[in-house]
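Letter by letter, the chains look like this.
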Amino acid sequence: PFTTAGRLGVAIVVITSYPIQTFATRKSFANILRTLQGGGEPPKTPPSVFINDDLELRTMLVLLAFTFAVALVVTDLGIMVAITGSTGAAAITFVFPGLFYYVTHGDEPG
């Protein structure tokens, strides 16, 4: 019973967090594609609109298809979690402190 409840909880977290995670990814990829195509800024729409234009819709469909394909093919995400954790830990430990110092004190001499 506890295992089933735990699995149900993980399923709920994954289902509800997927739209939040893909929102930023979709916006970033769409802005990159828009810049490469020379389209400039995204169209101005009310904040209640989730997808602004056809480019964002196509980007979302490609991301959805890609993540669905990965979910079907990959059976063990252990290596992916290990790579993500190691690169993230290295960035947090070594890169970000120097970067933050440079951003806050970069114009000071010496």
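Refer to the structure printed above.
Residues numbered from 1 in each chain as written. Predicted model: local features only at pLDDT ≥ 70, side-chain atom pairs only at ≥ 80, totals over all residues. Heavy atoms only, no water.

Caption draft 1: Looking closely at a nonpolar patch on the surface. A cluster of nonpolar side chains, contributed by F66, F68, V70, L72, V73, V74, L77, I79, M80, V81 and I83, occupies part of the molecular surface with about 1100 Å² of accessible area. If you tally residues by element for the nonpolar patch, the top one is helix α2 (residues 54–73), at five residues. In this structure, I83 sits in helix α3 (residues 78–105). I83 gets classed as partly exposed once you look at its relative accessible area, which sits at 46%. (Patch = residues over 30% accessible without salt bridge, like charges linked within 9 Å, V, L, I, M, F, W, Y side chains within 5 Å. Areas by Shrake-Rupley, 256 points an atom, 1.4 Å probe, with all protein chains shown as cover. Salt bridge = Lys/Arg side-chain N within 4 Å of Asp/Glu carboxyl O. Helix = DSSP H or I, 4+ residues; strand = E, 2+ residues; numbered from the N terminus. Buried < 20%, exposed > 50% of the residue type's maximum accessible area, 1.4 Å probe, protein only.)

Caption draft 2: Up close: the packing of aromatic side chains. Applying the stated criterion to the full structure yields one aromatic pair. Measuring from ring centre to ring centre gives 5.8 Å for F96 and F100, while their planes differ by 25°; the resulting arrangement is stacked. One end of the pair, F96, and the other, F100, are both in helix α3, four residues apart, so they sit about a helical turn from each other. The exposure class of F96 is partly exposed, given its relative accessible area of 34%. On the basis of relative accessible area, F100 is assigned to the exposed category, the value being 53%. (Phe/Tyr/Trp six-rings, centres within 6.5 Å; stacked < 30°, edge-to-face > 60°.)

Caption draft 3: Layout of the layout of surface pockets. In this structure, the largest pocket spans a volume of roughly 310 Å³. Along its surface, the largest pocket is lined by V14, S17, Y18, Q21, T22, T25, L63, L64, T67, F68 and A71. Classifying every residue of the lining of the largest pocket gives six nonpolar, five polar and no charged. (1 Å grid on protein atoms, 1.4 Å probe; cavity = no way out; pocket = protein on both sides within 12 Å on 5 of 7 lines; lining within 4 Å. Points joined across faces, edges and corners; volume = space filled by probe spheres on them. Nonpolar A, V, L, I, M, F, W, Y, C, P; charged D, E, K, R; others polar.)

Caption draft 4: Here's a closer look at the packing of helix α1 (residues 2–36) against α2. For the pair α1 and α2, the least separation of the axes is 9 Å and the interaxial angle reads 125°. Taken as axis vectors, α1 and α2 run oblique relative to one another. Classified by chirality, the crossing of α2 by α1 is right-handed. Residue-level inspection shows Y18, T22, T25, R26, K27, F29, A30, L33 and R34 of α1 in contact with α2, the latter providing L55, E56, T59, M60, L63, L64 and T67. For the contact of α1 with α2, the class distribution of residues is eight nonpolar, four polar and four charged. (Axes fitted to C-alpha atoms, helices over the stretch in contact; angles between N-to-C directions. Parallel < 35°, antiparallel > 145°, perpendicular 65-115°, else oblique. Left-handed = near helix turned anticlockwise from the far one by under 90°. Contact = heavy atoms within 4.5 Å.)

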